[in-house]
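Examination of the molecular architecture
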Amino acid sequence: HFVLAWNALCQLHLEQGQEDRARQAMGMALSVNPRDWGVYFTYADHHLDEGNCERALSILEDVLELQPHTVIAAEVYNYIGYLHYLEGEYAVALPAFRQALVLNPQLAVAHVNLGNLHFHLKRYDEARACYQEALKEDPRQASAACQLGLLELEQGNLEAARDPLERALALD
């Protein structure tokens, strides 16, 4: 329970803008359990919220150096891909999303993120396949249903857009 308390304290300090105290709380959490992945994600989320993608990436790369279990590594690669996507670095985001899915093919959010990248690049067939795979892996993935509907609208398939959009609304 100490790790959870330190992690919560880290998040509280980050929300209050007390970066030094947050770092201390993070250090305490990691001293109890150096593989507490949650504290790393909390810290990366904070830097993303602050618009500092570079620092968030650095934290995630630190996690990979610790050689986490496959499921955690998949989450990290997906997050790294997402950060590169946000920065418009699509050529870097693509292999990160693919690596996430190699490590954990059931990671629905990685399928959605890869689909969004393909959608942005107007690779509609690839995007559709990603969204469909995300829904196969997690039928409650509202964002995949929504994006699938938006893709159909983009291509002028009004009737094909109806079911996924209604599904997204029902799930949300």
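Throughout this description, residue numbers start from 1 for each chain and increase along the sequence as written. Only residues with pLDDT of at least 70 are given local features in this predicted model, and only at 80 or more are side-chain atom pairs given and counted; all residues enter the totals for whole chains, interfaces and linings. Side-chain measures here rest on the full set of heavy atoms in the structure, leaving out hydrogens and waters.

Here the focus is the overall build of the protein. Segments assigned H or I by DSSP are reported as helices when at least four residues long, segments assigned E as strands when at least two residues long, and all are numbered from the N terminus. Summing up its helical and strand segments, the protein has 10 helices and 0 strands in all. For the protein, the α and β elements follow one another from N to C terminus as α-α-α-α-α-α-α-α-α-α. In terms of its C-alpha atoms, the protein occupies a principal-axis envelope of roughly 55 × 30 × 25 Å. Throughout this description, buried means an accessible area under 20% of the type-specific maximum (1.4 Å probe, protein chains only), exposed means over 50%, and partly exposed covers the range between. When burial is assessed residue by residue, the protein has 43% of its 172 residues classed as buried. Accessibility throughout is a Shrake-Rupley quantity obtained with a 1.4 Å probe, and a residue counts as covered only by protein chains that appear here. For the protein, the computed accessible surface area is about 9500 Å², with 52% contributed by carbon and sulfur atoms. Only four residue types enter the charge count, namely Lys and Arg as positive and Asp and Glu as negative; His and the chain termini do not. Note that the charge is assigned to NZ on lysines, CZ on arginines, CG on aspartates and CD on glutamates. Charged side chains of the protein number 12 positive and 25 negative; the gap between the two group centres comes to 3 Å.

Within the secondary structure layout, R140 lies in the loop between α8 (124–137) and α9 (142–154). With 32 residues separating them in the primary sequence, R140 and D172 have C-alpha atoms 8.9 Å apart.

We define a salt bridge as a contact between a side-chain nitrogen of Lys or Arg and a carboxyl oxygen of Asp or Glu at a distance within 4 Å. A complete count under the given rule lists 6 salt bridges for this structure. Here R162 and E159 are joined by a salt bridge, their closest N and O atoms 2.9 Å apart. With R162 and E159 both in helix α10 (residues 158–171), this residue pair falls 3 residues apart, about one helical turn. For R162, a relative accessible area of 43% corresponds to the partly exposed category. Via salt bridges that share partners, E19, D20 and R23 belong to a single interconnected network.

Residues belong to a common nonpolar core when they are buried Ala, Val, Leu, Ile, Met, Phe, Trp, Tyr or Cys residues joined through side-chain atoms within 4.5 Å. Within the largest apolar cluster, 25 residues are counted, with the highest numbers of intra-cluster contacts made by C10, Y40 and L60. Elements with a contribution of two residues or more to this core: α1 (2–15), α2 (19–32), α3 (37–49), α4 (53–65) and α5 (70–86). Note on contacts: a residue pair qualifies if any of its non-hydrogen atoms lie within 4.5 Å across the two residues. Beyond its immediate stretch of four places on either side in the chain, L60 contacts F41, A44, V76, Y79, I80 and L83. The next biggest cluster of nonpolar side chains, apart from the first, holds 12 residues, and it includes Y124, A134, A144 and A168.

Geometry only, nothing functional implied.
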